[in-house]
Amino acid sequence: MGIVSMRRRISLSLSLSDSVGWDWKSKVSQRGIVTSCRAVVLPRFGGPEVLEVRPNVEVPDLKPNEVLVRARAVSVNPLDTRMRSGYGRSIFEPLLPLILGRDISGEVAALGASVRSLIVGQEVFGALHPTAIRGTYADYAILSEDELAPKPVAVTHVEASAIPFAALTAWRAIKSTARISEGQRLLVIGGGGAVGFAAIQLSVAAGCHVTTTCGSQSIDRLLAAGAEQAVDYTAEDLELAIKGNFDAVLDTIGVPETERVGINLLKRGGHYMTLQGEAASLTDRYGLAVGLPLATAVLLKKQIQYRCSHGIEYCWTFMRADSEGLDEIRNLTEAGKLKIPVEKTFPIVQEFKILWAETCICGCQSVNV
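Cut-offs applied
- Residues numbered from 1 in each chain as written.
- Predicted model: local features only at pLDDT ≥ 70, side-chain atom pairs only at ≥ 80, totals over all residues.
- Heavy atoms only, no water.
- Helix = DSSP H or I, 4+ residues; strand = E, 2+ residues; numbered from the N terminus.
- Contact = heavy atoms within 4.5 Å.
- Areas by Shrake-Rupley, 256 points an atom, 1.4 Å probe, with all protein chains shown as cover.
- Pairing = 2+ DSSP bridges.
- Right-handed = clockwise from strand over helix to strand, strands pointing away.
- 1 Å grid on protein atoms, 1.4 Å probe; cavity = no way out; pocket = protein on both sides within 12 Å on 5 of 7 lines; lining within 4 Å.
- Points joined across faces, edges and corners; volume = space filled by probe spheres on them.
- Nonpolar A, V, L, I, M, F, W, Y, C, P; charged D, E, K, R; others polar.
- Expected span 1.5 Å × (residues − 1).
- Buried < 20%, exposed > 50% of the residue type's maximum accessible area, 1.4 Å probe, protein only.
- Arc of directions from axis to C-beta.
- Polar contact = N/O pair within 3.5 Å; in protein donor to acceptor, adjacent residues only side chain to side chain.
- Axes fitted to C-alpha atoms, helices over the stretch in contact; angles between N-to-C directions.
- Left-handed = near helix turned anticlockwise from the far one by under 90°.
- Core = buried A, V, L, I, M, F, W, Y, C linked by side-chain atoms within 4.5 Å.
- Phe/Tyr/Trp six-rings, centres within 6.5 Å; stacked < 30°, edge-to-face > 60°.

An unreviewed UniProt entry annotates the protein as Enoyl reductase (ER) domain-containing protein of Castanea mollissima.

Below is the structure:
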């Protein structure tokens, strides 16, 4: 079992042989169907110490459109660590225990009755929706057919596992919402993280002109990925350093200051998209019955406000399954135009919760067996 990462991106690879630290095996029925497997379970919200490695977690029966994937690598997203700490508790607390994890790279172990695009034994990669309650931190994970695509041959399972959730989040914003096209200008606020880095590469591949903000340590990497300007937000005044106006702004930071700067740099008719929507935080604070309508009202107020004052479109964006997007992400990865770098690997010899505690502190380590 192992982990890979870049900043804000940690990827966990699962070795399914009985190697160091693991001596459990998945249970298989007489018909050859996996009925249980080991998984990392979240029984309650809290710090890394609440995570439990359980050897025999039930594997549900497949629905017609679902695929059982034997995991070779999965990644730890910021969303997973926030959920572990209680983010989204108004939705998830009644459903505990959960299995966290969104990304996966592995092999098809079984198919639902209506699945036609994949075959058993095929290498695949993909990502679950943010609200999935049976995630990928298990020997076997279940995803729908449209959440998976053939794994890019050019990359390993570990490398592939770091891509789908971040890239699909970026894809939804810049392709589905802003509908960027060749020649347009995009500003990515926070290009050093996985979503921002993916957005830069997707936009460059589409023929767009990209400017980004980042820390000093990320400037060379983002320029090498195709950004035309990378501004160090710790050393420069963004409004003075960034030249011109943009057709779209993707704000991966989403604090009031970056929202103000992003909106002021947009052309009329442009799109401002933030990853930091308020729906989950408001429902956690006030409960679903009050929080969800309140979040809708907050979003609507901002949309009307900015449409009237700046002539722009404002939205909260998040990842959704998109088979067309995942296919394009696969093609770009194969062509060497999209990658999420893996910095280090470490062997696992103890429980996953100890590993998670270490990786969450440093933010850019990886582990495999």
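**Student:** Can you walk me through the overall build of the protein in this structure?
**Tutor:** Across its full length, the protein carries 12 helices and 17 strands. Nonlocal contacts in the protein, meaning residues at least 24 apart in sequence, comprise 68% of its contacts between residues at least 6 apart. When the accessible surface of the protein is totalled, it reaches about 15,800 Å², and 52% of it is carbon and sulfur.

**Student:** What's the story with the pairing of strand β16 (residues 266-274) in this structure? I'm lost.
**Tutor:** For a regular strand, side-chain orientation follows a simple rule: the groups alternate between the two sheet faces. Two strands pair when backbone bridges link them, and strand β15 (residues 246-251) and β16 are joined in this way by five bridges, in the parallel orientation. The partner of A248 across the bridge, within β16, is H271. For the handedness criterion, the β-α-β arrangement of β15, helix α8 (residues 256-264) and β16 is classed as right-handed. In this structure, β16 lies alongside strand β17 (residues 313-316), joined through four bridges in parallel fashion. Directly across from M273, in β17, lies its bridge partner C315.

**Student:** Mind showing me how you'd approach the layout of surface pockets here?
**Tutor:** Leftover empty space is mapped by rolling, across the atoms, a probe with the size of a water molecule. Of the voids in this model, the largest pocket is the one considered here, and its volume is about 1,000 Å³. Contributing to the lining of the largest pocket are 38 residues, with L79, Y87, L275, T317 and F318 lying nearest its centre. Broken down by element, the residue count for the lining of the largest pocket peaks at five residues, all from helix α10 (residues 288-309). Looking at the lining of the largest pocket residue by residue, the class counts come to 22 nonpolar, 13 polar and three charged. A volume near 350 Å³ is recorded for the second largest pocket. Every residue lining the second largest pocket is counted, 21 residues in all, and those nearest its centre are G190, T213, C214, Y233 and I253. Within the residue set of the lining of the second largest pocket, elements represented by two or more residues are β13 (209-214), α7 (238-241) and α8. Its residues placed into classes, the lining of the second largest pocket shows six nonpolar, nine polar and six charged.

**Student:** Would you take a moment to explain helix α11 (residues 323-334) for this structure?
**Tutor:** Along an α-helix, residues three or four positions apart point the same way, because every turn accommodates 3.6 residues. Between its first and last C-alpha, α11 extends 16 Å over 12 residues, near the 16 Å set by a 1.5 Å rise per residue. What α11 keeps buried is the set G325, L326, I329, L332 and T333. For α11, the angular spread of buried residues about the axis comes to 125 degrees, placing them on one side. The residue sitting at the N-terminus of α11 and contributing the capping side-chain oxygen is D322; that oxygen lies 3.1 Å from the backbone nitrogen of E324. Phi for G336, located one or two positions after α11, is positive at around 80 degrees.

**Student:** Teacher, can you tell me more about the packing of helix α9 (residues 279-286) against α10 here?
**Tutor:** The angle between the axes and the distance between the axes are what describe a pair of packed helices. At a minimum axis distance of 7 Å, the contact between α9 and α10 shows a crossing angle of 145 degrees. Here the hand of the crossing between α9 and α10 comes out right-handed. Of the residues in α10, those touching α9 at A279, L282, T283 and Y286 are L288, V290, G291, L292, L294, A295 and V298. For the contact of α9 with α10, the per-class residue count stands at nine nonpolar, two polar and no charged.

**Student:** I keep staring at the nonpolar core and nothing clicks. Help me out?
**Tutor:** Note on soluble globular proteins: their nonpolar side chains tend to be buried together. Grouped together as the largest cluster of nonpolar side chains are 83 residues, with contacts concentrated most on I104, L148, L202, I329 and L338. Ranked by residues supplied to this core, first place goes to helix α4 (residues 164-177) with eight residues. Residues contacting I104, with those up to four places away along its chain left out, are V69, A71, A73, V74, V124, F125, G126, T136, A141, L143 and L148. V249, L299, I312 and Y314 belong to the second largest nonpolar core, which has 20 residues in total.

**Student:** Hey, could you run me through α9 in this one?
**Tutor:** Among all positions of α9, only A280, L282 and T283 are buried. All buried residues of α9 fall inside an arc of 165 degrees around its axis, so they share one side. Here the buried face of α9 lies against α2 (89-92) and α10. Taken from the residues just after α9, G287 is the one with a positive phi, measuring 90 degrees.

**Student:** Would you mind going over the environment of H271 with me for this structure?
**Tutor:** Within the fold, H271 resides in strand β16. Each residue touching H271, except ones within four places of it in the same chain, is listed here: T177, A178, D247, A248, V249, L266 and E313.

**Student:** So what exactly am I meant to see when it comes to the packing of aromatic side chains here?
**Tutor:** How two aromatic rings sit relative to each other is given by the distance of their centres and the angle of their planes. Evaluated as defined, the whole model comprises two aromatic pairs. Where Y272 meets Y314, the ring centres are 5.4 Å apart and the plane angle is 20 degrees; that geometry is what we call stacked. With a gap of 42 residues between them, Y272 in strand β16 and Y314 in strand β17 connect regions that are remote in the sequence. Note on Y314: relative accessible area 3%, which makes it buried.

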